[in-house]
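# Structure assessment
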Amino acid sequence: MAIDSTPAPLRTSTPANIHDHGRLNRRTPWTILGLSLAAGFGVAAFLGSVGATDGLSLTLALALGTVLYVVMITLISRQIEGTRQATDRFVTAMVTIAFTVAIIPLISLLFTVVTRGAARFDIQFFSESMRNVVGEGGGAAHAIVGTLLMTGTAAIISIPIGLMTAIYLVEYGRGPLARAITFFVDVMTGIPSIVAGLFAFALFALVFGPGVRMGFAGSIALSVLMIPVVVRSCEEMLRIVPNELREAAYALGVPKWLTVLKVVLPTSIAGITTGIMIAIARVIGETAPLLIVAGFTASMNYDMFNDRMQSLPVFVFTSYANQGVDSQAFLDRAWAGALTLILIVMVLNLTARLIARLFAPTLGR
Amino acid sequence: MTATATPPTAAESPRAYQRLGDRVFSKSALIAGSLILVILAAVAIFLVAQSLPALVADPNDFIGRPDSFWAYVWPLVFGTLWSASLALLMALPLAIGIALFISHFAPRRLAQALGYIIDLLAAVPSVVYGLWGIGVLAPAVQPLYTWLTENLGWIPLFAPPASGTGRTILTAAIVLGVMILPVMTAICREVFLQTPVLHEEAALALGATRWEMIRMAVLPFGRPGIVSGAMLGLGRALGETMAVAMVLSPAAVVSFAVLQSRNPSTIAANIALSFPESYGVNVNLLIATGLVLFVITLIVNSIARWVVNRRKDFSGAN
């Protein structure tokens, strides 16, 4: 093993001091990692050839290699560098493992969605509905239209309310009302999406009778989920507008409402756009409330106020849950729907971050 | 307008001439703000109004004929709390580890990109997680479950027989854990980054290793952030619907065994699965369970907010 200085003599009663001990060479941990993984693969291959596992188990190999590395680096470091450094090395390894473990589901999920979704990710999927389709073929055009209509309506309702509330909180709000609004916006962020759906159902059932299903009710449920997110992000963006800008406008005799409209909002518009796009991305994937109030259907429906309306997340769920005779066709459509959904959400998120970076105001500090 | 740095409140300043535009604008801002309170009140009122019929109805009208309303709700409440705590138990150490990795271990230039990657996890819609959980995760962990019941079956948690499909409450909890990771990581990371640099440098200057510095300076400073992040994550996990609805194979049981094919369902998942086919008083019954869920999440979130609000700068919504 490569060592910088000579190993310290065996410690008996001297207090632990880092400088009493040697240090591991920079490359040593990597060497140990390589050797451990090789050993892991060796053991897994042996188990595979004996017949304990089916073939070479990649998961087993990596798991064994990682465990071996953690044990080895801690023991070696303990021998050469002392207990304190060994603990540090152990924690570093554990923290890195934690990060890697969290990345695995993301990679697995993206990989699965792309490979399985590609089978039906074609023109037909985007141009046809599921009307009169029992086996192969068909598409999600009705679901995409429904998602756009309902999310669009929810955005039209939520953005003005959310933005004006944020303006109230930042520019006007003082005293108990503003504190109450801040508190209840926090409460609203915690509403489970299914409860928002139940609320919309309870509201519309009272007006239209039990068993009501319509696209507009779905928009109301989505609005309940979207408004607090919009308020939060807009409020944050308005607060970082420097006060000097407002004071300069007042000094020139500009009324307050024009100051807000022409000075504060243009300065923070990039951040506000980002916040709104992220809010849209968050509600566009909501399934549960739409399943309850908008229902599901196989037909195209452009009317927000009549009949059931399909949406993309619900399409994914129902394709999976109610598989027909030709179940593979339904599964393929579900995965293609999932791929579409992920693409929409990713594009929204990335554009939002891009806008935030490109149009960020230069605050002159 | 007066010349002071902060405009005084309307009450104490002399009444200035108010333009029409000013009045319209401030009033509409006020109305929008008040609307939030109205909406929240409406949510509570309508849920209560629609739940009342279920509370007074004859339990024999309910689906499955439970003894009483509470006999119907209890397994669901148990399942909700149990799956959410399992998810929290798995995700919290991981979230702290990831947050530490991003804030203190990863190379500076990589750190922001790594943060984005974790945020991407938050962007994936829950229905896609459900699809992944049932299509990929459940088959992948099933052999492990069988092995666990065969070799560690004497632990009540792993009591046999193992589910043949892998669609157990543990799988659902793993999916939930992955879903709440980003929220918790974001909050922990935020607090860890706010640790006073002088504290960290002082610890390092005294000869502390990186881990000792984190234990002495970063973790004590970040404890409220960790607690509130955990509570917000718990709130998310309690209300999460689709992933559980798709992954779990439910039954009306109260059981701590996590590997069997009969699992307690959660409130949210039960509503999503039963609602489309419900009629009559069963609809009210489901809405009443929704009200119970609302109250539970409200309590959990309020505790989280209370901890957060003692330190203002971070919250789950940003």
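Note that residues are indexed from 1 along each chain, following the sequence as it is written. In the order they appear in the text, chains get letters beginning with A and ligands get numbers beginning with 1. Local features in a predicted model are, by the rule used here, given only for residues with pLDDT of at least 70; side-chain atom pairs are given and counted only at 80 or more, and totals for whole chains, interfaces and linings are based on all residues.

### Comments concerning the overall build of chain A
Note on conventions: DSSP H or I runs of at least 4 residues are helices, E runs of at least 2 residues are strands, and numbering of each starts at the N terminus. Looking only at helices and strands, chain A has 13 helices and zero strands in total. What you see in chain A, going N to C, is helices and strands ordered as α-α-α-α-α-α-α-α-α-α-α-α-α. Relative to a compact globule of 365 residues, whose C-alpha radius of gyration would be 21 Å, chain A shows 29 Å and is clearly more extended. Seen through its principal axes, chain A has C-alpha atoms that stretch 80 × 70 × 35 Å. Each residue gets a C-beta atom placed from its backbone, and two residues are in contact if those atoms lie within 7 Å. Partitioning the contacts of chain A with sequence separation of at least 6, the portion at a separation of at least 24 is 71%. We compute the radius of gyration over the C-alpha atoms and compare it with the globule rule, which gives 2.2 Å times the number of residues raised to the power 0.38.

### Some points on the UniProt feature "transmembrane region" (unreviewed entry) in chain A
Residue and element names in this part refer to chain A. Per the UniProt entry, the sites bearing "transmembrane region" (unreviewed entry) are residues 30-50, 56-78, 90-119, 139-169, 181-208, 214-231 and 334-356 in this numbering. The span residues 30-50 shows a helical share of 100% and a strand share of 0%, and its end C-alpha atoms are spaced 30 Å apart. Annotated as residues 90-119, this span is 93% helix and 0% strand, and its ends, taken at the C-alpha atoms, are 45 Å apart. UniProt positions are given in the numbering used here, feature names are shortened, and annotations may be inferred rather than shown by experiment.

### What about the interface of chain B and chain A?
On the side of chain A, 77 residues touch chain B, which itself brings 73 residues to the contact. No other element matches helix 1 (residues 20-56) of chain B, which puts 19 residues into the side of chain B that touches chain A. Of the residues belonging to the side of chain B that touches chain A, the class tally is 48 nonpolar, 20 polar and five charged. Residues are grouped as follows: Ala, Val, Leu, Ile, Met, Phe, Trp, Tyr, Cys and Pro are nonpolar; Asp, Glu, Lys and Arg are charged; every other residue, Gly included, is polar.

### Regarding the domain arrangement of chain A
All names here are of chain A. Taken domain by domain, chain A comprises domain 1 (18-119) and domain 2 (126-358). In this document the domain limits rely on a domain assignment from an automatic tool or a database. Inter-centroid distance (C-alpha atoms) of domain 1 to domain 2 is 42 Å. Counting residues at the interface gives five residues for domain 1 and six residues for domain 2. For the side of domain 1 that touches domain 2, a count of residues per class yields three nonpolar, one polar and one charged.

### Re the UniProt feature "transmembrane region" (unreviewed entry) in chain B
All names here are of chain B. In the numbering used here, UniProt assigns the "transmembrane region" (unreviewed entry) feature to residues 29-49, 69-102, 114-138, 169-188, 241-259 and 279-304. Taken as a whole, residues 29-49 contains 100% helix and 0% strand, while its terminal C-alpha atoms sit 30 Å from one another. For residues 114-138, helix accounts for 92% and strand for 0%, while the C-alpha atoms at its two ends are 27 Å apart.

### Digging into helix 7 (residues 210-239) of chain B
All names here are of chain B. The terminal C-alpha atoms of helix 7 lie 38 Å apart, and with 30 residues this falls more than 12% below the ideal 44 Å at 1.5 Å per residue. Two axes enter the definition of the bend at a residue: one is fitted to the seven residues ending there, the other to the seven starting there, and the bend is the angle between them. Of all bends in helix 7, the biggest is about 55 degrees, found at Arg 223, and the proline Pro 224 comes one to four residues later. Burial runs high along helix 7: 21 of the 30 residues are buried. What a helix is expected to span follows from its residue count: subtract one and scale by 1.5 Å. Once C-beta atoms are placed from the backbone, each residue is buried if 20 or more other C-beta atoms lie within 10 Å of its own, exposed if 12 or fewer, and partly exposed for counts between those two.

### Quick notes on the nonpolar core
Counting 188 residues, the largest nonpolar core has Phe199(A) and Leu176(B) as its most contacted members. The element that contributes the greatest number of residues to this core is helix 5 (residues 169-194) of chain B, accounting for 18 residues. Aside from chain neighbours lying at most four places away, what touches Leu176(B) is Ser83(B), Ala84(B), Ala87(B), Ala237(B), Glu240(B), Ala243(B) and Val244(B). Definition of nonpolar core: a set of buried Ala, Val, Leu, Ile, Met, Phe, Trp, Tyr and Cys residues joined via C-beta atoms within 7 Å.

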